[in-house]
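Breakdown of the fold
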Amino acid sequence: MRHFHSYGPVNSKAHFCVQRQALITQGIEQLIGREENGGHYFTIWAPRQTGKTWLMRELELHINQQYPEKFTILQFSLGKLKGISLPEKPADFPEAFGRLIKRSLPGQAEVKNWDDFSQLFSKTDGLWDRPLILLIDEVDTIPLSLIDLMVAQFREIYLDRQNNWLHGLALVGVRAVLGIESKRGSPFNIQKSLRVPNLTPEEVTELYHQYQEESGQQIVPTVVEKVYDSTQGQPGLVSWFGELLTEKYNPGMEKTLDEKTWKLVWLSARAIEPNNTLLNIIAKAKELESQEFLITLFTNSNIPFFFHHSQHNYLYLHGIIEPELETLPNGEEHYVCRFSSPFVQQCLYDALSQEIIGSKTPALALDPLDKLTDVFGDTFLNLPALLTRYKDYLSRLKAQGINLWKDQPRRKTDLNLIEAVGHFYLFNWLLDAVGEDCIVSPEFPAGKGQVDLHLLCGHQRGIIEVKSFVKNSQIKSDQDQAANYAKDLGIDRVTVALFIPVLDETVLKTLTTIEVVNGVEVTVVAIGWV
């Protein structure tokens, strides 16, 4: 029986996979172009573990099947050149590159300079006797200066196609193949590129249907839906979740894979299971410039997305954010930044919260004699009373000369602390204060720049929305948003933790209010921070 595979290109004989025929056809059309005039030189790009290498191999297979004896097809990888030492003179040809070409190309070709490289494709002196289609993988692993030099040669070949056999060329990678980091710009000064998209809901369903057909084990349809919703169809993560569900956390082949199994897999994927794609994403997110942007993105749903903005581009091409088309209140449309998937967003929240505040609070979360009677004693969870304890905790820290907010990320517009910092610290405190009695979890409604803290304490449930003060008129909007969200969840009360850069208790008490909005009791608790 086949199995799920997320550690490199899939093999349809050994692994569950979907034949993405439309994508393969698109790649073939670009490589072949008009047979008499030559194909395109273009880039295949996508984040890690999305199927780039698989696509390259499928293109080779299908072209050989469709055009037997018409083309020579050669594919090889530059991955072995990772960390290559470049010559002292930038224009010199790297010896390691020459050795790789000799091993990869027919005829044991000796390539010692860029003229030798160009002659490889000559119709008179080259290695070929028919049009060549060349597929080069892992282009991003070599230094940018070497990419520039190599692409410059391909561009000259492209402009002199009547004397060269190179018919179609695809460079496969993440960022550098698009010329993003190059002063030369686009590799071939043309705009052809092919992005490998995520799997569609139908493709994910088909993938898991294959498992059910071959294994005989049933999967509850909602579990497959949750796999897609959590990953947004990212191929590597879809297959990884499939592996966890059907192998490591499979309760037994005679049992149905249900939502109980899914919850365990979801928790384990976040907490204890290593995944190279996710580790790579987290490492890039922790880079200082990325970290500050992503912290803001947790609570700002209106950051416009621009492909040519270096930070947006970097995070997008590495699978951390995605553009989403939104309609403004005035009817205009624009693209905004969103996390690439709920799973990525959740894992980044876990990682960045620990990166910023660590795992321990600097003082006792509660007074040792506090039994929280007024928090749990009624028929509902009294979250305003719990937030009063948080304010007391901050006061105790201040009395000890401890400033939680020192050196934390701030908005560039007014230098006030970024709202998500309040989330991270409050979340950490709640875990210490009531984590033994309650399940405390961050929730991301629709991924639209909002993070709510949900508490489930036995049969009592509550929601805290964390906001940072901008201006007084904004509070009404915050109350409306909180009320609508609570109403959608069937909850009749919600608490807003409003962080404000003021320590005057008179101001804080004035802003601490209780209003009934759309049938929901909304309590605003103002918390001072500077």
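In case you missed it, the structure is sitting above this.
Notes on the structure in this doc start here.

According to the stated counting rule, one finds 35 aromatic pairs in the structure shown. Taking the centre distance of 5.2 Å and the plane angle of 45° together, the rings of phenylalanine 241 and tryptophan 262 count as tilted. Of this pair, phenylalanine 241 sits in helix H8 (residues 235-248) while tryptophan 262 sits in helix H9 (residues 259-271), placing them 21 residues apart in sequence. A relative accessible area of 6% means that tryptophan 262 is categorised as buried. Ring centres of phenylalanine 307 and tyrosine 316 lie 6.0 Å apart, and the angle between their planes is 80°; this geometry places the pair in the edge-to-face category. Residue classification places tyrosine 316 among the buried residues on the basis of a relative accessible area of 9%. Three or more aromatic residues joined by ring pairs make a cluster, and in this case those are Phe93, Phe97, Trp114, Phe117, Phe121 and Phe154. One Lys or Arg, lysine 123, reaches over the ring of tryptophan 165 and ends 5.2 Å from the middle of that ring. Here the basic side chain of arginine 493 rests over the ring of phenylalanine 380, its NZ or CZ set 3.8 Å away from the ring centre.

Turning our attention to unusual backbone geometry. Positive phi, close to 55°, is recorded for glutamate 138, a residue that is not glycine. In this structure, glutamine 232 is a non-glycine residue whose phi angle is positive, near 55°. The topology assignment puts glutamine 232 in the loop between helix H7 (221-231) and H8.

Here we have 5 strands laid out as an open sheet, ordered S2-S3-S4-S1-S5, and parallel in their pairing. On the outer flanks of this sheet lie strand S2 (72-77) and strand S5 (193-195), each paired with one strand and no other. Across the sheet, the axes of successive neighbouring strands diverge by a mean angle of 15°, strand direction being ignored. Judged from the 5 bridges that link them, strand S1 (residues 41-45) and strand S4 (residues 166-173) form a sheet pairing that is parallel. Bridging from a neighbouring strand, isoleucine 44 pairs with valine 172 of S4.

Conventions and cut-offs
Residues numbered from 1 in each chain as written. Predicted model: local features only at pLDDT ≥ 70, side-chain atom pairs only at ≥ 80, totals over all residues. Heavy atoms only, no water. Phe/Tyr/Trp six-rings, centres within 6.5 Å; stacked < 30°, edge-to-face > 60°. Helix = DSSP H or I, 4+ residues; strand = E, 2+ residues; numbered from the N terminus. Buried < 20%, exposed > 50% of the residue type's maximum accessible area, 1.4 Å probe, protein only. Lys NZ or Arg CZ within 6 Å of the ring centre and 35° of its normal. Pairing = 2+ DSSP bridges. Axes fitted to C-alpha atoms, helices over the stretch in contact; angles between N-to-C directions.

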